[in-house]
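Reading the structure
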Amino acid sequence: MSKKKPLSQGQLRRMRANHEKRLNRDSGEKNTPELQDSSLGAEQSGTVISRFGQHADIETEDGQIVRCNIRRTINSLVTGDKVVVRLAIESQANSGIAGIVEAVHPRRSSLTRPDLYDGVKIIASNIDQILIVSSVLPSFTTQIIDRYLVAAEDTDIPPIIILNKIDLLNPDEAQAIDEALQRYKDIGYPVYKVSSKLGEGIDTIKDLLKDKVSVFAGQSGVGKSSIINALLPDADLLVGDVSDNSGLGQHTTTTAKLLHLPSGGDLIDSPGVREFALWHLPAQRVGWCFIEFRDFLGGCKFRDCKHGDDPGCALKTAVDEGKISEDRFNNYHRIIASLDEQRHARHFRAATDE
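What counts, and where the lines are drawn
Residues numbered from 1 in each chain as written. Predicted model: local features only at pLDDT ≥ 70, side-chain atom pairs only at ≥ 80, totals over all residues. Heavy atoms only, no water. Helix = DSSP H or I, 4+ residues; strand = E, 2+ residues; numbered from the N terminus. Buried < 20%, exposed > 50% of the residue type's maximum accessible area, 1.4 Å probe, protein only. Contact = heavy atoms within 4.5 Å. Areas by Shrake-Rupley, 256 points an atom, 1.4 Å probe, with all protein chains shown as cover. pLDDT = per-residue confidence, 0-100. 1 Å grid on protein atoms, 1.4 Å probe; cavity = no way out; pocket = protein on both sides within 12 Å on 5 of 7 lines; lining within 4 Å. Points joined across faces, edges and corners; volume = space filled by probe spheres on them. Nonpolar A, V, L, I, M, F, W, Y, C, P; charged D, E, K, R; others polar. Expected span 1.5 Å × (residues − 1). Arc of directions from axis to C-beta. Polar contact = N/O pair within 3.5 Å; in protein donor to acceptor, adjacent residues only side chain to side chain. Phe/Tyr/Trp six-rings, centres within 6.5 Å; stacked < 30°, edge-to-face > 60°. Lys NZ or Arg CZ within 6 Å of the ring centre and 35° of its normal. Core = buried A, V, L, I, M, F, W, Y, C linked by side-chain atoms within 4.5 Å. Axes fitted to C-alpha atoms, helices over the stretch in contact; angles between N-to-C directions. Parallel < 35°, antiparallel > 145°, perpendicular 65-115°, else oblique. Pairing = 2+ DSSP bridges.

The helix and strand tally for the protein stands at nine helices and 13 strands. Burial analysis of the protein (354 residues in total) assigns 46% to the buried set. Long-range pairs, those at least 24 residues apart, make up 67% of the contacts in the protein between residues at least 6 apart in sequence. Of the roughly 18500 Å² of accessible surface on the protein, a fraction of 47% belongs to carbon and sulfur atoms.

Turning to the confidence of the model for the protein, a few remarks are in order. Across the protein, the average pLDDT comes to 82, with 77% of residues at 70 or higher. This model gives residues 22–30 a pLDDT under 50, and the stretch forms five contacts once residues within four places in sequence are excluded. Under a pLDDT of 50 for its full length, residues 237–253 has, in the predicted model, 52 contacts with residues more than four places off or in other chains.

Its boundaries defined by the atoms lining it, the second largest pocket holds a volume of some 370 Å³. As for the second largest pocket, its lining consists of 16 residues, and the residues nearest its centre are Q284, R303, D304, C305 and H307. Put simply, the parts of the chain that give the lining of the second largest pocket at least two residues each are α7 (283–288) and α9 (326–353). Tallied by class, the residues present in the lining of the second largest pocket amount to seven nonpolar, six polar and three charged.

Moving on, we get to helix α3 (residues 171–186). Along its 16 residues, α3 runs 22 Å from first to last C-alpha, staying within 8% of the 22 Å computed at 1.5 Å per residue. Taken as a whole, α3 has its buried residues at I177, A180, L181 and Y184. Projection of α3 onto a plane perpendicular to its axis shows the buried side chains occupying an angular sector of 95°, all on one side. Exposed and facing more than 90 degrees away from the buried side of α3 are P171, D172 and D186. Capping the start of α3 is the job of one residue whose side-chain oxygen sits 3.1 Å from the backbone nitrogen of D172: N170. G188 sits one or two positions beyond α3 and adopts a positive phi of about 105°.

Let us look at the packing of aromatic side chains. The final tally for this structure, using the stated rule, is four aromatic pairs. Plain terms: the ring middles of F290 and F293 are 4.9 Å apart, the flat faces sit at 20° to each other, and that makes the pair stacked. A residue is classified by how much of its surface remains accessible, and F290, at 0% relative accessible area, is buried. Here F290 and Y332 contribute two aromatic rings whose centre-to-centre distance is 5.7 Å and whose plane-to-plane angle is 85°, an arrangement assigned as edge-to-face. Placement of the pair is F290 in the loop between α7 and α8 (314–320) and Y332 in helix α9, with a sequence separation of 42 residues. Like F290, the residue Y332 is buried in the burial classification. Grouping aromatic residues by their ring pairs yields a cluster made of F290, F293, F329 and Y332. Stacked on the ring of F52, the Lys or Arg R67 has its end atom at 4.5 Å from the ring centre.

On inspection of all chains with the given rule, the structure shows two cavities of 30 Å³ or more. Put simply, the second largest cavity is a space of about 60 Å³. Taken together, T112, R113, P114, A151, D154, T155, F276, A277, L278, H280 and L281 make up the full set of residues lining the second largest cavity. Looking at the lining of the second largest cavity, the elements with two or more residues in it are β6 (110–115) and α2 (142–155). Residues that form the lining of the second largest cavity fall into these classes: six nonpolar, three polar and two charged.

This next bit is on the nonpolar core. The nonpolar side chains of a soluble globular protein tend to be buried with one another. The biggest cluster of nonpolar side chains holds 51 residues, and the ones touching the most others in it are L111 and I130. For this core, the secondary-structure elements that each account for two or more residues are β7 (119–125), β8 (129–135), α2, β9 (159–164), α3, β11 (213–217), α8 and α9. Ranked by the residues each element gives to this core, the list is headed by α2, at seven residues. The residues touching L111, leaving out its near neighbours within four places in the chain, are K121, I122, I123, A124, I127, I130, T155, I157, V215, V273 and F276. In this structure, V133, I162, L208 and I227 belong to the second largest nonpolar core, which totals 18 residues.

One can describe the packing of helix α4 (residues 202–209) onto helix α5 (residues 224–231) by two numbers: an axis separation of 10 Å at closest approach and a directional angle of 75°. Here α5 runs roughly perpendicular to α4, going by the angle between their axes. Contacts between α4 and α5 involve I202, I205, K206 and L209 from the first element and I227, A230 and L231 from the second. Taken together, the residues that form the contact of α4 with α5 break down as six nonpolar, no polar and one charged.

Time to look at the pairing of strand β1 (residues 40–52). In terms of strand pairing, β1 meets strand β4 (residues 82–88) through six bridges, oriented antiparallel. Residue E43 lies in a different strand from β4, and its bridge partner there is R86. Pairing geometry for β1 and strand β2 (residues 55–60), over six bridges, is antiparallel. What sits directly across from T47, in β2, is E59. Where β1 folds back on β2, the antiparallel hairpin that results is connected by two residues, among which G53 adopts a positive phi of roughly 60°.

Here it is in structure tokens:
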């Protein structure tokens, strides 16, 4: 079967233009007049709690949350950004707008996801750690964990693995899962086990989150919301369905929001984290994101080695010598095999949207 022909640059440009027209037509936003400089107070620091089109909710240093316009000179503003804001001396009548975001500080980290129209898109910033949640139900699978680890490594944000619903394990299952999790510990990933139902391990998670900005990732049904509700009882979070193709939670139509945890630390709840697609990554980058592969990458006999049955493959030799786990090596190949299929599906969707 022949491969589907990729879209031309002209087709992609037309799709982006049509996409923007639809957004502008459907947004329903009314243009809000800019606040005049004479009506604004002094510059002060703030944090983006959430972004809504041309507006953003900003938390000032004294804990006040205000909705602000965004200067047109600001090209990118996302939840978690540290900003300079000027508040109105008096709120704009009937608009609810109480200030203007003047500038954005450099980000220390950026959480990204691939976007069909805009390429790689930043969805949140200044995140310290990603907590990857797995569980006994719907089923424990290292393939899903490895997909999220690749996404985390690609963003250069440290991941932590959380196994939930341990109260449902029988002794035989517990031993098999412990052996699988030990492989992650052996290559340096922190691993914790919790039961959100019984509250077991929740205090440990609270300690992990203190003084950090964190996000939770994991497929639907693993208990992310249950853990978050144990940490933040007033949270009202939507969870997407599981994708048949990737096994990952799908995107839901909510915006990223920064939440303060009573026990300390902040949590960014974002629909983009639930998806964490990988179709934009080249195979070489996926291999680099398997951290134990890095010592062997570049050591193959042939530069175009596919790390399968190729003669002189350094990765395959490392697997045979027990330096790379066979399970992780197989999951790498499963991810690589899925990338073209996902790209073709998105090209098809793009073409039908035109």
